[in-house]
Amino acid sequence: MYPSRFRYEAPRSLDEAISLMHNGGDYVKVLAGGQSLVPLMKLRFASPELIVDINNVPGLAYHRTDPDGSLHIGALCRHADLERSDLLKTTQPTMASAAPVIADPIVRNRGTLVGSLCHADPQGDWASVVLALGGAVLARGPRGTRAIPLADFVTGPFQNVLDPDEIVVEAVIPAARGIRSGGYLKLERRVGDFATVGVAVAVETIGENVTRAGIALTGVGGSTIGATAAADALVGRPLTAQSIGQAADLAAEVARPRTDHRGSAEYKRHMVRTFVQRILSRAEAAQERAA
Amino acid sequence: MTIVYEDHDDEAATDIPVRRIKFRINGKKMGAEVEPRLLLAHLIRRGLGLTGTHMGCDTTNCGACTVLVDGRAVKSCTMLAVQADGHEISTVEGLATASELHPLQEGFKEEHGLQCGFCTPGMMMAAKALLEENPDPTEEDVRWALSGNLCRCTGYQNIVKSVLWAAEKLRS
């Protein structure tokens, strides 16, 4: 299968890329890892007039922690870089558990976290993880740079709030105020399939008490779902069987799964409950061991 | 390099965008003129005549088209040929030397790691990337590294054995 015909530019700086986006006509797409965009173009679901390939732009492949403790993931940081990252393993339990279950190992060599966020597939894993962590994206365009919280960034299936001439240069995870725990669990029929259900949980605790919590759901609605009521139920008290059960029930309530070839709506809702329970129970057990 | 294709479009020939690229394939320096929409897999198979790289699903699932780009395994049906500009590509044809098979090829022979053989080049290239990163993989490591490659014949058992066989040979 071939994509339909397009013009191709491979700029060597962000400014050049943005200028190409700005002057590039009606339908311009940024190409980073291409692991979602190229298949869409081959299937002719997307037929951009101009592709701006940012792979030759230097200085975008990083992920690093700033002095203020926030984590920054550049637009060309591949899933595989995150999967192998000691920084994530030691400081970002939710991200570290998600990185190895994105797509398959070969796709992870090329695909990017930022690209996944921009693609805004309701079954994309990273959007849930970044949403649960209260993260944002940094978009740059001809009018300057703006930070967009992920909660406001994705507006629906395959839709985001970017202007046509804006490029997301990095994703930002805010600094933890307490000790981080949590995880990402994904139910998939086989490696590389989309999530039947995915659940991201990110919790911060100071002493015994949860000071911040985020829960987000993959594949059980028209877009990534932030389970804010479920997360709020955890805050201000220690993790207990009771608070965990309550959060799991509330998360299952906001899921909007549909019955399809991957499973019934009822089954998927049940899995949301089970995954929230499982991630939080592990976090609780780890805290008890540490205490 | 010339790629001849059936023409289903209305554009004038002068409106077709073409880019000139330079790259290395299996160590050899090459240049090509490609339309941006040409996939790397098509450049390799049709442009270079290296038909060891197979096209299976054409949808980024099966991994039969796996090649190495700068040493990293990539599904060549999901990368544009223009993106190979300045990069080093390795295909299954680059494994054997004139006189001997690569230990991976020997391993697949010794352990009967293939039946129809369609997925084999992709399996070998994914395995090559694994063994370069981790020369002493466990069975679990091999299964993990090959989880983006599908085989419809073997049930994977002998493929995994073949890669472990090759790993041992390469270490000794």
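Residues numbered from 1 in each chain as written. Chains lettered and ligands numbered in written order. Predicted model: local features only at pLDDT ≥ 70, side-chain atom pairs only at ≥ 80, totals over all residues.

Examining the overall build of chain A
Line of reasoning, step 1. The helix and strand tally for chain A stands at 12 helices and 14 strands.
Line of reasoning, step 2. The C-alpha atoms of chain A give a radius of gyration of 19 Å, which matches the 19 Å a tight globule of 291 residues would have.
Line of reasoning, step 3. With respect to the principal axes defined by its C-alpha atoms, chain A has extents near 55 × 45 × 30 Å.
Line of reasoning, step 4. In chain A, which comprises 291 residues, the share counted as buried stands at 54%.
Line of reasoning, step 5. Taking contacts inside chain A between residues at least 6 apart in sequence as the whole, the part at least 24 apart equals 64%. (Helix = DSSP H or I, 4+ residues; strand = E, 2+ residues; numbered from the N terminus. Rg over C-alpha atoms; globule rule 2.2 N^0.38 Å. Buried ≥ 20, exposed ≤ 12 C-beta atoms within 10 Å, placed from the backbone. Contact = placed C-beta atoms within 7 Å.)

Side note on the interface of chain A and chain B
Line of reasoning, step 1. With 22 residues of chain A at the contact, the number on the chain B side is 25 residues.
Line of reasoning, step 2. Those elements that place two or more of their residues in the side of chain A that touches chain B are strand 1 (7-9), helix 2 (37-42), strand 3 (50-53) and helix 6 (105-108) of chain A.
Line of reasoning, step 3. Here the side of chain A that touches chain B gets three residues from one element, more than from any other, and that element is helix 6 of chain A.
Line of reasoning, step 4. Tallied by class, the residues present in the side of chain A that touches chain B amount to 12 nonpolar, five polar and five charged. (Nonpolar A, V, L, I, M, F, W, Y, C, P; charged D, E, K, R; others polar.)

Focus: the packing of helix 3 (residues 120-133) of chain B against helix 5 (residues 157-171) of chain B
Residue and element names in this part refer to chain B.
Line of reasoning, step 1. It is the contact of helix 3 with helix 5, at a shortest axis distance of 11 Å, that shows an interaxial angle of 40 degrees. Taken as axis vectors, helix 3 and helix 5 run oblique relative to one another. In this structure, the crossing between helix 3 and helix 5 has a hand that is right-handed. Contacts between helix 3 and helix 5 involve Met123, Ala127 and Leu131 on the former and, on the latter, Ile159, Val163, Ala166, Ala167 and Leu170.
Line of reasoning, step 2. Taken together, the residues of the contact of helix 3 with helix 5 sort by class into eight nonpolar, no polar and no charged. (Axes fitted to C-alpha atoms, helices over the stretch in contact; angles between N-to-C directions. Parallel < 35°, antiparallel > 145°, perpendicular 65-115°, else oblique. Left-handed = near helix turned anticlockwise from the far one by under 90°.)

What about the packing of helix 2 (residues 103-110) of chain B against helix 5 of chain B?
Residue and element names in this part refer to chain B.
Line of reasoning, step 1. At a closest axis distance of 8 Å, the pairing of helix 2 and helix 5 adopts a crossing angle of 135 degrees. The pairing of helix 2 with helix 5 is recorded here as oblique in orientation. Seen from above, helix 2 lies across helix 5 with right-handed handedness. Across from Pro103, Leu104, Glu106, Gly107, Phe108 and Glu110 in helix 2, the residues of helix 5 making contact are Ser162, Val163, Trp165, Ala166, Lys169 and Leu170.

Examining the sheet that holds strand 14 (residues 225-226) of chain A
Residue and element names in this part refer to chain A.
Line of reasoning, step 1. If you trace the four strands from one edge of the open sheet to the other, you get 11-12-13-14, paired in antiparallel fashion. Sheet topology places strand 11 (179-187) and strand 14 at the edges, where each strand pairs with a single neighbour.
Line of reasoning, step 2. Sheet topology note: the strand 12 (residues 197-206)/strand 13 (residues 209-218) ladder contains nine bridges and is antiparallel. Bridging across to strand 13, isoleucine 206 finds its partner in asparagine 209.
Line of reasoning, step 3. This element, helix 8 (residues 125-132), spans strand 11, strand 12, strand 13 and strand 14 of the sheet and lies at about 160 degrees to strand 13. (Pairing = 2+ DSSP bridges.)

Considerations on helix 5 of chain B
Residues and elements named next belong to chain B.
Line of reasoning, step 1. With 15 residues, helix 5 extends 22 Å from end C-alpha to end C-alpha; this agrees with the ideal 21 Å at 1.5 Å per step.
Line of reasoning, step 2. Among the residues making up helix 5, those that are buried are Asn158, Ile159, Val160, Ser162, Val163, Trp165, Ala166 and Ala167.
Line of reasoning, step 3. Residues of helix 5 that are buried sit in contact with helix 2, helix 3 and helix 4 (139-145). (Expected span 1.5 Å × (residues − 1).)

Details of the environment of isoleucine 148 of chain A
Residues and elements named next belong to chain A.
Line of reasoning, step 1. With respect to the helices and strands, the residue isoleucine 148 is situated in strand 7 (residues 144-149).
Line of reasoning, step 2. Separated by 12 residues in sequence, isoleucine 148 and alanine 136 have C-alpha atoms that sit 5.4 Å apart.
Line of reasoning, step 3. Once residues within four sequence positions are removed from consideration, isoleucine 148 is found in contact with Ala136, Val137, Ala139, Phe153 and Val161.

Some remarks on the confidence of the model for chain B
Line of reasoning, step 1. This prediction gives chain B a mean pLDDT of 95; 99% of its residues lie at or above 70.
Line of reasoning, step 2. Predicted complex metrics record ipTM = 0.95 and pTM = 0.96. (pLDDT = per-residue confidence, 0-100.)

Focus: the pairing of strand 7 of chain A
Along any regular strand the residues' side chains alternate between the sheet's two faces.
Residues and elements named next belong to chain A.
Line of reasoning, step 1. Burial within strand 7 is sparse, with just zero of its six residues counted as buried.
Line of reasoning, step 2. Note: strand 6 (residues 136-141) against strand 7, six bridges, orientation antiparallel. For valine 137, the partnering residue across the bridge sits in strand 7 and is isoleucine 148.
Line of reasoning, step 3. The turn joining strand 6 and strand 7, which pair antiparallel and follow one another in sequence, is formed by two residues.

Things to note about the sheet that holds strand 6 of chain A
Residues and elements named next belong to chain A.
Line of reasoning, step 1. Taken in spatial order, the five strands of this open sheet run 4-5-10-6-7, and their pairing is antiparallel. A strand with exactly one partner marks an edge of an open sheet, and here the two such strands are strand 4 (63-65) and strand 7. Along the sheet, successive strands turn relative to each other by an average axial angle of 25 degrees, direction set aside.
Line of reasoning, step 2. Sheet topology note: the strand 5 (residues 71-74)/strand 10 (residues 167-173) ladder contains four bridges and is antiparallel. For leucine 71, the partnering residue across the bridge sits in strand 10 and is isoleucine 173.
Line of reasoning, step 3. On top of the sheet, helix 1 (residues 14-23) reaches strand 6 and strand 10; it is set at about 125 degrees to strand 10, its chief contact.

Quick word on the domain arrangement of chain B
Residue and element names in this part refer to chain B.
Line of reasoning, step 1. Each domain of chain B was delimited in the assignment, giving domain 1 (13-94) and domain 2 (103-171).
Line of reasoning, step 2. For domain 1 and domain 2, the distance between their C-alpha centres works out to 22 Å.
Line of reasoning, step 3. Each side of the interface is counted separately: domain 1 has 16 residues, and domain 2 has 13 residues.
Line of reasoning, step 4. Sorting the residues of the side of domain 1 that touches domain 2 by element identifies strand 3 (66-69) and strand 4 (72-75) as the ones contributing at least two each.
Line of reasoning, step 5. It is strand 3 that provides the largest number of residues to the side of domain 1 that touches domain 2, a total of three residues.
Line of reasoning, step 6. Considering only residue class, the side of domain 1 that touches domain 2 consists of seven nonpolar, eight polar and one charged. (Domains from an automatic or database assignment.)

Notes on helix 3 of chain B
All names here are of chain B.
Line of reasoning, step 1. For helix 3, with 14 residues, the first-to-last C-alpha span of 20 Å sits near the 20 Å given by 1.5 Å per residue.
Line of reasoning, step 2. For helix 3, the tally of buried residues reaches 12 of 14 residues, placing the bulk of the element in the interior.
Line of reasoning, step 3. Along helix 3, the residues classified as buried are Thr120, Pro121, Gly122, Met123, Met124, Met125, Ala126, Ala127, Lys128, Ala129, Leu130 and Leu131.

Thoughts on the pairing of strand 11 of chain A
All names here are of chain A.
Line of reasoning, step 1. Most of strand 11 sits inside the fold, with seven of its nine residues counted as buried.
Line of reasoning, step 2. Bridging between strand 11 and strand 12 involves nine bridges; their strand directions are antiparallel. In the strand pairing of strand 12, glycine 183 is matched with valine 201.

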